[in-house]
Amino acid sequence: MSNSASAATTERISMLKVLNPFHIWALGVGIVLVGEFMGWNFSVAKGGAYGSLIACWVIGLLYTCVAMIDSEVTSTVAAAGGQYTQAKHIIGPLMAFNVGLYLVMAYTMLEAADALVVGDLMKSGAEALGFAGLDTKPFVVLTIAFLAWLNYRGVFMTLTLNFVITLVAFFAILILFIGVDPMHPGAILKHKELLTDLPYGWIGVIASLQFGMWYYLGIEGTCQAAEEVRSAGRSIPLGTMGGMMTLLVAATLTWYICSGLMPWQYLGQAVTPLYDAATIVGNTKLQILLFVGTMFAAVASANGCINDAARAWFSLGRDRYMPVWFGAIHPRYRTPYRAIIFLIPIAVSFAFTGLLDQVITFSILSGLLGYTFMSINMVKFRRKWPLDSIKRGYVHPFHPIPAITLFILCAAVYFATFLGYGASLLSIMAFYIVASVWFTFRRYQFVKRGDQFTMPWPRPNGY
């Protein structure tokens, strides 16, 4: 009797299916669009302006492969955790634990970077008004705390807000593009004078691939909402692929504007390049708009990161990869509230370091490890469950070319990261190896492998 009551309670307390393709678009683009307002320009310091453009398009191909692969697998694996849930079903517990940890760290580091940008932007705004020396830390804490509270209260309100502020940020880029008069080259934009040859040759172009990731990092976060959409087979592919097309446009426009207004030496180390571009134009209205756009992009990104990191951590707890305590859903708001609260101090502590490039590198490498898994995962998914064996909401074309392309491009980005951040790369790899050892000896015993398989598919050997 008590077991039946407990089962009924568990059935009732589940996450709400309230999201549509616009919310998925807002989640994916909202997380990533801040990369057009900051971070991408560090690729200019590595390879010059042309090197950054090459990185923009090459990494755009990498993320197009990610979006297509994710759309197919997630349209069938409709559960919170995204790539973690995919690994759990297709490969096994150790890979699932690592992928879940990659997701949590990638989004938490990105959230910390967003909070840093909000603080720096408030400091720049205060200096423009004559108030120098503003302390950024209170703004960092306030940003993370407010957005965590918003996520605590419900996913529909959270992602509806993301949809609105992401649209504003995207239109800010379009309006700035119109404001620099692109139809009359040389009037405002000085590409002819500012664009130079590759300052460090082709090795610089390869090095720039690392920060070229920042143009698109996080679009795969759309999969984290799979358990809360009305129709995963429709919403995930539409939202993800539509978001990827939006980001390709925004990234190209961003590079075009900034490379025509700033020397590559300055652009490669600017904190808020689009805001700086509006300042150079000298139009006060554009400057205010880009201040708001940069702020909204950072807030939307942090908001989406909290959403995604919490769902990945919640999924790890629900499946006993982490303490079960984290796998709780709020009885009223239907959100993974304990996971949301737990990750707040981790994000704040990394933001307080003030090391934007190092925080970005940690986020990039964590995401990159997840993408490497995707290429292997996709091949195994098609082998275990061929096209006619289970129902798919979306089938990506030209398999296995996207998976092979993704693996090769991931290898190139690992090499690019080693060129500039070799110590960071090795330390992050060591962190995940130690975490894997801990899981094997301390948590694996709690994982019930047979219970991990929740999809109505034919079960492969081992389950």
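Residues numbered from 1 in each chain as written. Predicted model: local features only at pLDDT ≥ 70, side-chain atom pairs only at ≥ 80, totals over all residues. Heavy atoms only, no water.

Focus: the pattern of salt bridges
Okay, so step 1: Evaluation of the coordinates by the stated rule reveals 5 salt bridges.
Okay, so step 2: Arg392 serves as the salt-bridge partner of Glu72, at 2.8 Å between the closest nitrogen and oxygen. With Glu72 in helix 4 (residues 42-74) and Arg392 in the loop between helix 16 (356-384) and helix 17 (401-443), this residue pair connects regions lying 320 residues apart in the sequence. Comparing Glu72 with Arg392, the two get one shared label, buried.
Okay, so step 3: The shortest N-O distance in the salt bridge between Glu227 and Arg318 comes to 3.1 Å. Of the two residues, Glu227 is situated in the loop between helix 10 (201-212) and helix 11 (232-259) and Arg318 in helix 14 (residues 284-318); the sequence distance between them amounts to 91 residues.
Okay, so step 4: Judged by its relative accessible area of 13%, Glu227 falls in the buried class. (Salt bridge = Lys/Arg side-chain N within 4 Å of Asp/Glu carboxyl O. Helix = DSSP H or I, 4+ residues; strand = E, 2+ residues; numbered from the N terminus. Buried < 20%, exposed > 50% of the residue type's maximum accessible area, 1.4 Å probe, protein only.)

What to know about helix 17
Okay, so step 1: A rise of 1.5 Å per residue sets the reference length of helix 17, with its 43 residues, at 63 Å; its end C-alpha atoms lie only 36 Å apart and thus fall more than 12% short of the reference.
Okay, so step 2: In the structure, helix 17 departs most strongly from a straight axis at Tyr421, where the bend amounts to approximately 120°. (Expected span 1.5 Å × (residues − 1). Bend = angle between axes of the 7 residues up to and from the residue.)

Comments concerning unusual backbone geometry
Okay, so step 1: That bond from His399 to Pro400 is cis: its omega, 10°, falls within 30 degrees of zero.
Okay, so step 2: Summarising the element assignment, Pro400 is placed in the loop between helix 16 and helix 17.
Okay, so step 3: Phi angles above zero are rare outside glycine, and Asp181 is one such case at about 55°.
Okay, so step 4: By the element assignment, Asp181 lies in the loop between helix 8 (155-179) and helix 9 (191-194).
Okay, so step 5: The exposure class of Asp181 is partly exposed, given its relative accessible area of 26%.
Okay, so step 6: Unlike most non-glycine residues, Arg334 shows phi in positive territory, near 60°.
Okay, so step 7: Tracing the sequence through the fold places Arg334 in the loop between helix 14 and helix 15 (337-351).

Some words on the nonpolar core
Okay, so step 1: If you look at the biggest cluster of nonpolar residues, it comprises 152 residues, and the most contacted ones within it are Leu62, Tyr63, Tyr216 and Tyr371.
Okay, so step 2: Beyond its immediate sequence surroundings of up to four residues, Leu62 is in contact with Met213, Tyr371, Leu406, Leu409, Cys410 and Val413. (Core = buried A, V, L, I, M, F, W, Y, C linked by side-chain atoms within 4.5 Å. Contact = heavy atoms within 4.5 Å.)

Details of the packing of aromatic side chains
Okay, so step 1: Counted under the stated rule, the structure contains 31 aromatic pairs.
Okay, so step 2: Measuring from ring centre to ring centre gives 5.9 Å for Tyr215 and Tyr216, while their planes differ by 45°; the resulting arrangement is tilted.
Okay, so step 3: Residue classification places Tyr215 among the buried positions, given a relative accessible area of 0%.
Okay, so step 4: Relative to Tyr432, the ring of Phe431 lies with its centre 5.0 Å away and its plane at 70°, an arrangement referred to as edge-to-face.
Okay, so step 5: Relative accessible area serves as the criterion here: at 4%, Tyr432 is assigned to the buried category.
Okay, so step 6: Through a chain of ring-to-ring contacts, three or more aromatic side chains come together here, namely Tyr84, Phe97, Tyr321, Trp438, Phe439 and Tyr444.
Okay, so step 7: Across the ring face of Phe352, the terminal group of Lys137 is positioned such that the distance to the ring centre comes to 5.3 Å. (Phe/Tyr/Trp six-rings, centres within 6.5 Å; stacked < 30°, edge-to-face > 60°. Lys NZ or Arg CZ within 6 Å of the ring centre and 35° of its normal.)

Side note on the side chain of Thr294
Okay, so step 1: Position of Thr294 relative to the elements: it lies in helix 14.
Okay, so step 2: Residue classification places Thr294 among the buried residues on the basis of a relative accessible area of 0%.

Some words on a nonpolar patch on the surface
Okay, so step 1: The grouping of Tyr200, Ile203, Ile206, Phe415 and Leu419 at the surface amounts to a nonpolar patch, some 450 Å² of accessible area in total.
Okay, so step 2: Going through the elements one at a time, helix 10 and helix 17 are the ones with two or more residues in the nonpolar patch.
Okay, so step 3: Tracing the sequence through the fold places Phe415 in helix 17. (Patch = residues over 30% accessible without salt bridge, like charges linked within 9 Å, V, L, I, M, F, W, Y side chains within 5 Å. Areas by Shrake-Rupley, 256 points an atom, 1.4 Å probe, with all protein chains shown as cover.)

Focus on the confidence of the model for the chain
Okay, so step 1: Across the chain, the average pLDDT comes to 89, with 96% of residues at or above 70.
Okay, so step 2: Averaged pLDDT values for the elements of the chain fall to 40 in helix 1 (residues 2-12) and rise to 95 in helix 15. (pLDDT = per-residue confidence, 0-100.)

Quick word on empty space enclosed by the protein
Okay, so step 1: In the structure shown here, the tally under the stated rule is 2 cavities of 30 Å³ or more.
Okay, so step 2: In this model, the largest cavity occupies a volume close to 80 Å³.
Okay, so step 3: Of all the secondary-structure elements, those providing two or more residues to the lining of the largest cavity are helix 6 (93-128) and helix 16.
Okay, so step 4: Partitioned by chemical class, the residues of the lining of the largest cavity number 7 nonpolar, 4 polar and 1 charged.
Okay, so step 5: Taken as a whole, the second largest cavity spans an internal volume of roughly 50 Å³. (1 Å grid on protein atoms, 1.4 Å probe; cavity = no way out; pocket = protein on both sides within 12 Å on 5 of 7 lines; lining within 4 Å. Points joined across faces, edges and corners; volume = space filled by probe spheres on them. Nonpolar A, V, L, I, M, F, W, Y, C, P; charged D, E, K, R; others polar.)

Quick look at the layout of surface pockets
Okay, so step 1: Taken as a whole, the second largest pocket spans an internal volume of roughly 230 Å³.
Okay, so step 2: Lining the second largest pocket are 14 residues, and of these Lys88, Arg318, Asp319, Asp451 and Thr454 lie nearest its centre.
Okay, so step 3: Within the residue set of the lining of the second largest pocket, elements represented by two or more residues are helix 5 (83-90) and helix 14.
Okay, so step 4: Ranked by residue count, the leading element in the lining of the second largest pocket is helix 5, at 3 residues.
Okay, so step 5: When grouped by side-chain class, the residues that make up the lining of the second largest pocket number 3 nonpolar, 4 polar and 7 charged.

Side note on the packing of helix 5 against helix 6
Between two packed helices, the angle of one axis relative to the other and the distance separating the axes together describe the packing.
Okay, so step 1: Interaxial distance between helix 5 and helix 6 falls to 8 Å at its minimum, and their mutual angle equals 175°. When the axis of helix 5 is compared with that of helix 6, the two are roughly antiparallel. Residues Gln83, Tyr84, Ala87 and Lys88 of helix 5 form the contact with helix 6, whose participating residues are Met95, Ala96, Val99, Gly100 and Leu103.
Okay, so step 2: Of the residues in the contact of helix 5 with helix 6, the class split is 6 nonpolar, 2 polar and 1 charged. (Axes fitted to C-alpha atoms, helices over the stretch in contact; angles between N-to-C directions. Parallel < 35°, antiparallel > 145°, perpendicular 65-115°, else oblique.)

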